[in-house]
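For reference, the chains in residue letters:
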Amino acid sequence: MARTATKSVTRKTVAKKPAPTAAAERTSPFELTELQKELIAVVNEIGPAMAARAYKHDADATFPFEDYDDMRRAGLLGICVPKAYGGLGADYSTYCLVSAEIGRYSGATALTFNMHVACSLWTSYLTDSLTMTKAERAEHEHNRRIHYARMVKEGKIYAQPFSEGGAAAAGKAPFGTLATKVEGGWVLNGKKIFASLSGAADYYGVLATEDKPERSRRDTLFVAVPADAQGASVVGPWDPLGMRATVSRTLLLKDVFVPDEAQLMPRGVYHQAAMRWPHMFLTLCPTYMGIAQAAYDFTVKYLRGEVEGQPPVKRRMYPTKQIAVAEMFIKLEQTWALFHRVIRESRIDPAKSDRLRAYAAQYTVMENCNDICRLAIRTCGGLSMLKSLPLERYYRDSRCGSLMLPWTAELCVDRLGRETLYEPGETDE
Ligand SMILES: Cc1cc2nc3c(=O)[nH]c(=O)nc-3n(C[C@H](O)[C@H](O)[C@H](O)COP(=O)(O)OP(=O)(O)OC[C@H]3O[C@@H](n4cnc5c(N)ncnc54)[C@H](O)[C@@H]3O)c2cc1C
């Protein structure tokens with residue numbers, strides 16, 4: 001009798017197995033736009049090849065150039081370049097959904113894709129809503145046309161090395177990298193650590209402080225340095241725990257001249273963006289949302305005995321496995337729910353509640369992603385930890401999420417603790 005019941009459950013389950021659909025579509029409480037569906041479908045076409053390459057790039061800590069070739073061919077390098085400049089014209093939430101889908105296949109590719117895309121997302125969708133004089137807007141128009149043409153027509157890759165190892169990347173001090181104004185451009189001097197895409201990017205979108213007698217965060221300059229500029233060099237080793245295929249080595253800038261048109265934003269505009277558009281720093285989340293989904297999907301397949309190349313051993317009948325996967329599902333759904341909400345709340349000058357929710361979302365995505373991976377390893381067991389399977393890579397990659405400045409998990413808690421209890425300018429003196 002029990003045997004018959006088991007058989008019929010098996011048959012029923014197989015018959016009802018859902019066709020694989022995009023994670024963003026499955027989890028979104030909102031109807032996706034046609035563009036979102038189209039771009040996500042593109043990712044699902046090129047994604048399996050990215051996933052197949054991910055093992056080798058992780059093992060060797062090398063950059064996945066082939067993934068970029070595929071994304072370039074699919075037009076994704078211009079995803080956030082406005083249509084008027086030949087791009088796909090994706091808005092903030094569209095980018096986030098597409099990026100999360102990439103993260104399901106390769107976390108490191110999604111993370112570096114974020115650095116590249118931010119250089120167009122921030123300079124289009126975001127800057128269009130900021131306050132600029134007519135002259136600044138004209139200058140911005142002139143410069144971004146050049147950068148967008150490189151991304152769309154030439155398929156060039158941009159990176160975003162901001163971190164310096166001090167308090168600047170956390171938004172607490174001016175950047176130590178200095179930009180000195182000279183005739184026709186700027187001379188840059190400084191050092192950037194964790195320069196993802198080092199040696200792979202064609203341009204590094206660097207943040208520097210204008211070299212004035214009194215240095216201020218207001219005078220932050222966002223400028224694209226060509227990788228082959230005289231005085232620019234990539235140094236140091238790269239052998240980290242996770243996100244190894246990001247190749248985030250150190251970038252040195254020694255008397256590097258860049259012309260005025262290298263500016264990705266007019267002078268002073270980056271600071272305005274950072275103050276008025278907090279969601280600009282949330283764009284690292286999609287990568288980790290994708291990894292969390294991948295860890296959950298792997299676990300379900302593994303417990304059902306359906307992982308390709310593995311013996312078809314089922315483990316799903318054990319209550320402990322069912323509890324673990326239930327816990328993972330609950331965490332995953334909670335995380336997606338917050339993610340879907342906050343990416344649609346991105347706007348200039350958001351309400352305080354929206355800003356606080358963005359910090360909470362960043363914290364939740366980064367911490368839950370790592371926790372879901374932890375649960376996945378614990379319940380799938382020793383075999384799942386082997387490097388021949390992707391779970392141990394998800395686990396290592398997921399560890400990096402809460403370390404990413406300026407919104408590390410600690411700094412999100414720090415901001416939330418203060419900003420929930422104090423209004424701007426309030427003290428206890
Ligand atoms: C895989 C990977 C790729 C990366 N790619 C890039 C990239 O492309 N571009 C880029 O700019 N950076 C990148 N980073 C760097 C990242 O954003 C951080 O800057 C870096 O991890 C900081 O390392 P640190 O040890 O110097 O941190 P520290 O600045 O020493 O901070 C350590 C911790 O202390 C806390 N902390 C720091 N400052 C404060 C403060 N003022 N108040 C309270 N707490 C604070 C934070 O929680 C932080 O996690 C990358 C990092 C990783 C791991």
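Criteria and cut-off values
Residues numbered from 1 in each chain as written. Predicted model: local features only at pLDDT ≥ 70, side-chain atom pairs only at ≥ 80, totals over all residues. Helix = DSSP H or I, 4+ residues; strand = E, 2+ residues; numbered from the N terminus. Rg over C-alpha atoms; globule rule 2.2 N^0.38 Å. Buried ≥ 20, exposed ≤ 12 C-beta atoms within 10 Å, placed from the backbone. Contact = placed C-beta atoms within 7 Å. Expected span 1.5 Å × (residues − 1). Pairing = 2+ DSSP bridges. Arc of directions from axis to C-beta. Near = placed C-beta within 6 Å. Nonpolar A, V, L, I, M, F, W, Y, C, P; charged D, E, K, R; others polar. Domains from an automatic or database assignment. Axes fitted to C-alpha atoms, helices over the stretch in contact; angles between N-to-C directions. Parallel < 35°, antiparallel > 145°, perpendicular 65-115°, else oblique. Left-handed = near helix turned anticlockwise from the far one by under 90°. pLDDT = per-residue confidence, 0-100.

Undergrad: What exactly am I supposed to notice about the overall build of the chain here?
TA: Assigned secondary structure in the chain consists of 13 helices and 7 strands. A compact globule built from 429 residues would reach a C-alpha radius of gyration of about 22 Å, and the chain, at 22 Å, matches this within 12%. Seen through its C-alpha atoms, the chain measures out along the principal axes to roughly 85 × 55 × 40 Å. Going through the 429 residues of the chain one by one, you find that 45% of them count as buried. Sequence-distant contacts in the chain: of pairs separated by 6 or more residues, those separated by 24 or more amount to 76%.

Undergrad: Looking at this structure, how should I read helix α10 (residues 319–343)?
TA: Helix length check: α10 (25 residues) gives 36 Å between terminal C-alpha atoms against 36 Å at 1.5 Å per residue, within 8%. What α10 keeps buried is the set Val325, Met328, Leu332, Thr335, Trp336, Leu338, Phe339, His340, Val342 and Ile343. The inward-facing, buried residues of α10 abut α2 (23–27), α5 (92–105), α9 (285–303) and α11 (352–380).

Undergrad: Looking at this model, I keep getting lost on the pairing of strand β5 (residues 220–226). Mind explaining?
TA: The side chains of a regular strand alternate between both faces of the sheet. The buried fraction of β5 amounts to 6 of the 7 residues, a majority that puts the element mostly inside the structure. Of the pairings in the sheet, the one linking strand β4 (residues 203–210) to β5 comprises 7 bridges and is antiparallel in character. Counterpart to tyrosine 204 in the pairing with β5 is valine 225.

Undergrad: In this structure, what is going on with helix α4 (residues 65–73)? I would like to understand it.
TA: Note that an α-helix has 3.6 residues per turn; residues three or four places apart therefore point the same way. Along α4, the residues that are buried comprise Asp67, Tyr68, Asp70 and Met71. Buried residues along α4 cover an arc of 160° about the axis, so they all sit on one side. More than 90 degrees from the buried face of α4, the exposed residues found are Phe65, Asp69 and Arg73. Its buried side turned inward, α4 meets α3 (34–60) and α6 (107–126). Positioned one or two residues after α4, glycine 75 has a phi angle of 85°, which is positive.

Undergrad: What should I look at first to understand the site of the ligand in this one?
TA: Near the ligand you find 24 residues, and of these Phe162, Ser163, Phe194, Ser196 and Glu410 are the closest. Secondary structure elements with two or more residues in the shell around the ligand: β3 (185–195) and α13 (409–421). A per-element tally of the shell around the ligand places α13 first, with 3 residues. The residue makeup of the shell around the ligand, split by class, is 14 nonpolar, 7 polar and 3 charged. The residues that make up the shell around the ligand include at least three from each of domain 2 (158–269) and domain 3 (277–421).

Undergrad: How should the pairing of β4 be read in this particular structure?
TA: Counting buried residues along β4, 7 of its 8 residues qualify, which places the element largely inside the surrounding structure. Two elements, strand β1 (residues 158–159) and β4, share 2 bridges in a ladder whose sense is parallel. Its bridge partner lying in β4, alanine 159 is registered against tyrosine 204. Across 2 bridges, the pairing between strand β2 (residues 178–182) and β4 is parallel. Within β4, the residue paired with leucine 178 across the bridge is threonine 209.

Undergrad: Got a minute to help me understand the packing of α9 against α10 in this structure?
TA: The geometry of a pair of packed helices is captured by two quantities: the angle between their axes and the separation between those axes. α10 packs onto α9 with a crossing angle of 155° between their chain directions and a minimal axis gap of 11 Å. The angle between the axes of α9 and α10 places the two elements in the roughly antiparallel class. When you trace α9 past α10, the crossing you get is left-handed. The segment α9 lies against α10, with Cys285, Met289, Ala292, Gln293, Tyr296, Thr299, Val300 and Leu303 engaging Lys321, Val325, Met328, Phe329, Leu332, Thr335, Trp336 and Phe339. Split by residue class, the contact of α9 with α10 holds 12 nonpolar, 3 polar and 1 charged.

Undergrad: Sorry if this is basic, but what is going on with the packing of α9 against α11 here?
TA: Look at α9 against α11: their axes get within 9 Å of each other, and the N-to-C directions meet at 20°. Regarding the angle of α9 to α11, the classification is roughly parallel. As α9 packs across α11, the resulting crossing turns out to be left-handed. Contact with α9, carried on its side by Cys285, Tyr288, Met289, Ile291, Ala292, Ala295, Tyr296, Phe298, Thr299 and Tyr302, involves Ala361, Gln362, Val365, Met366, Asn368, Cys369, Ile372, Cys373, Ala376, Thr379 and Cys380 of α11 and no other residues of that element.

Undergrad: How do you make sense of the confidence of the model for the chain when you look at a structure like this?
TA: Low pLDDT marks regions whose predicted coordinates should not be analysed in detail. For the chain, the average pLDDT comes to 94, and 95% of its residues sit at 70 or higher. Contacts of residues 1–20 to residues separated by more than four positions or lying in other chains number 0 contacts, the stretch itself having pLDDT below 50.

Undergrad: Would you mind going over the environment of lysine 172 with me for this structure?
TA: Tracing the backbone through its elements, the reader meets lysine 172 in the loop between β1 and β2. Overall, the presence of 11 C-beta atoms within 10 Å leaves lysine 172 in the exposed class. For the pair lysine 172 and isoleucine 291, spaced 119 residues apart in sequence, the C-alpha to C-alpha distance is 30 Å.

Undergrad: How should the domain arrangement of the chain be read in this particular structure?
TA: Think of interface size as the accessible area that goes away when the parts come together; that is how it is often given. The assigned domain composition of the chain is domain 1 (20–152), domain 2 (158–269) and domain 3 (277–421). Centre-to-centre, using C-alpha coordinates, domain 1 lies 20 Å away from domain 3. Contacts between the two partners involve 26 residues from domain 1, matched on the other side by 23 residues from domain 3. Within the residue set of the side of domain 1 that touches domain 3, elements represented by two or more residues are α2, α3, α5 and α6. At 9 residues, the largest contribution of residues to the side of domain 1 that touches domain 3 is made by α5. Here the side of domain 1 that touches domain 3 is composed, by residue class, of 15 nonpolar, 8 polar and 3 charged.

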